[in-house]
Amino acid sequence: MDSNHFLDLHHFSSDDLRAIIEDAKKIKSGAYLPNVQGSASHKPVLIMIFDKPSTRTRVSFDIAMRQIGGETLVLNSADMQLGRGETIADTAQVLSRYGDVIMLRTTDHQALQELAENAKIPVINGLTDKSHPCQILADILTFEEKCGPIANKTLAWIGDGNNVAASWMHAAARFGFRLNISCPETLSPAQELWDWAKNENANVHFVPQPDMAVQDADCVITDVWVSMGQSDAEQRCNLLRPFQVDGALMTKAKPDAIFMHCLPAHRGDEATAEVIDGPQSVVFDEAENRLHVQKAILNWCLCH
Ligand code: CP
Ligand code: NVA
């Protein structure tokens, strides 16, 4: 298995993740731009495979790769032989003969693992049903730009205990911040994640009442109530209604707390328009930072 995969934050040491964030800061400031072509005769190619929709991940990876001296190819899995039953293992072997790095967005985390196990080139997790690590690195960059070093700060996750929440749990352990998770018990992150967090001595807590969870928080985070691929929309929305982030909830966090959402957002569901479009919101900075962080991730995968 290629050792330069970017699959999940908990596979990395704190130092490696910090190095990627610091690299992204330098790239964003214009201090330097990686050049992934190096002395190679061809521009490295990023092959992106999507079996779910995407705006930010797709466009930021595409532009990031071009700006650091590479090329890109975007594929929908339904248009590939994968959609007709070719195995992921065979697909991984074939793509490894053509490209230099693969990014996969998939409904099935197991598919990502299989791809990584069989690819001879680095594989990047562009979101699965279980995690979204690239997003969280962009969010940590955003947090630190607004609030300073994230270590020992308090962040509150309000809403569905989903794939994005899972990567925040991994990040809490690696970056040393407190994470309060407030969600209905039935939508809590998987038990194995709580067990992992406990084992890592991570400062992650289940705080069922949203107003308690945001107390002393430097940042309030939420995400959609219905993630891609989920079908039980009505039931989920009913369960999550008490976890909406509105102006009243934001007043219970620190006065200078920021509001984060990875987008796309549904105003009036997980957060009100006054919060998403309000002065504490940094949602478009998060979106921009995807671009800078993707360059640092690609640089790590290709040049590490
Ligand atoms: N936040 C995020 O991953 O957005 P996309 O689904 O548009 O890629
Ligand atoms: N939890 C959301 C994140 C979208 C970027 C989803 O998986 O649909």
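Now for a quick tour of the structure.

A look at the site of ligand 1
As a structural note, the neighbourhood of ligand 1 is formed by Ser54, Thr55, Arg56, Thr57, Arg105, His132, Gln135, Cys262, Leu263 and Arg290. Within the contact set of ligand 1, an oxygen atom lies 2.7 Å away from a backbone nitrogen or oxygen of Thr55. Contact between ligand 1 and Thr57: an oxygen atom at 2.7 Å from a side-chain N or O atom of the residue. Notes on ligand 1: free accessible area 260 Å², of which the protein chains cover 95%. Judged by its atoms lying within 2 Å of the grid points, ligand 1 is housed in the second largest pocket. Residue composition of the shell around ligand 1, by class: two nonpolar, five polar and three charged.

Details of the site of ligand 2
Leu127, Asn162, Asn163, Val164, Asp223, Val224, Ser227, Met228, Cys262 and Leu263 make up every residue found near ligand 2. Side-chain polar atom of Asn162 to a nitrogen atom of ligand 2: 3.3 Å apart, as the coordinates give it. Met228 places a main-chain nitrogen or oxygen 2.8 Å from an oxygen atom of ligand 2. In isolation ligand 2 exposes 270 Å². Once the protein is present, 95% of that is buried. Taking a 2 Å distance to the grid points as the criterion, the majority of the atoms of ligand 2 fall inside the second largest pocket. Each residue belonging to the shell around ligand 2 can be placed in one class, and the counts come to six nonpolar, three polar and one charged.

Considering the pairing of strand β2 (residues 71–76)
Direction of pairing for strand β1 (residues 45–50) relative to β2: parallel, over a ladder of six bridges. Paired with Met48 across the bridge in β2 is Val74. The handedness of the β1 to β2 crossover, carried by helix α2 (residues 56–67), is right-handed.

Looking at the sheet that holds strand β9 (residues 258–261)
The five strands lie next to each other as β7-β6-β5-β8-β9, forming an open sheet whose pairing is parallel. For this open sheet the edge positions go to β7 (204–206) and β9, each flanked by a neighbour on one side alone. Strand-to-strand twist in this sheet, taken as the mean axis angle between neighbours without regard to direction, amounts to 20°. Across five bridges, the pairing between strand β5 (residues 154–158) and strand β6 (residues 178–182) is parallel. Across the sheet, residue Ala156 finds its bridge partner in β6, namely Asn180. Most of the contacts of helix α5 (residues 133–147) go to β9, to which it runs at about 165°, and overall it touches β5, β8 (219–222) and β9.

Here's the deal with α2
End to end, α2 covers 16 Å across twelve residues, agreeing with the expected 16 Å (1.5 Å per residue, within 8%). Taken as a whole, α2 has its buried residues at Thr57, Ser60, Phe61, Asp62, Ala64 and Met65. Among the structural elements, β1, β2, β3 (101–105), β4 (123–125), α5 and α12 (283–303) are those in contact with the buried residues of α2. At the C-terminal side of α2, Gly69 shows a positive phi close to 95°.

Some details on the pattern of salt bridges
Under the definition given, this model contains 14 salt bridges. Between Glu22 and Lys25 there is a salt bridge whose closest N-O contact spans 3.3 Å. Placement of the pair is Glu22 and Lys25 together in helix α1 (residues 14–29), with a separation of three residues, close to one helical turn. By relative accessible area, which is 28% here, Lys25 ends up partly exposed. Of the charged contacts, one joins Lys25 and Glu144 as a salt bridge, the two residues approaching to 2.9 Å between their closest N and O atoms. You can see Lys25 sitting in helix α1 and its partner Glu144 sitting in helix α5, a full 119 residues away along the chain. Given the relative accessible area of 8%, Glu144 is considered buried. Within this structure, Arg18, Glu22, Lys25 and Glu144 form a network of salt bridges that share partners.

Analysis parameters
Residues numbered from 1 in each chain as written. Chains lettered and ligands numbered in written order. Predicted model: local features only at pLDDT ≥ 70, side-chain atom pairs only at ≥ 80, totals over all residues. Heavy atoms only, no water. Near = heavy atom within 4 Å. Polar contact = N/O pair within 3.5 Å; in protein donor to acceptor, adjacent residues only side chain to side chain. Areas by Shrake-Rupley, 256 points an atom, 1.4 Å probe, with all protein chains shown as cover. 1 Å grid on protein atoms, 1.4 Å probe; cavity = no way out; pocket = protein on both sides within 12 Å on 5 of 7 lines; lining within 4 Å. Sits in = over half its atoms within 2 Å of the grid points. Nonpolar A, V, L, I, M, F, W, Y, C, P; charged D, E, K, R; others polar. Pairing = 2+ DSSP bridges. Helix = DSSP H or I, 4+ residues; strand = E, 2+ residues; numbered from the N terminus. Right-handed = clockwise from strand over helix to strand, strands pointing away. Axes fitted to C-alpha atoms, helices over the stretch in contact; angles between N-to-C directions. Contact = heavy atoms within 4.5 Å. Expected span 1.5 Å × (residues − 1). Buried < 20%, exposed > 50% of the residue type's maximum accessible area, 1.4 Å probe, protein only. Salt bridge = Lys/Arg side-chain N within 4 Å of Asp/Glu carboxyl O.

So yeah, pure geometry; function would need other evidence.
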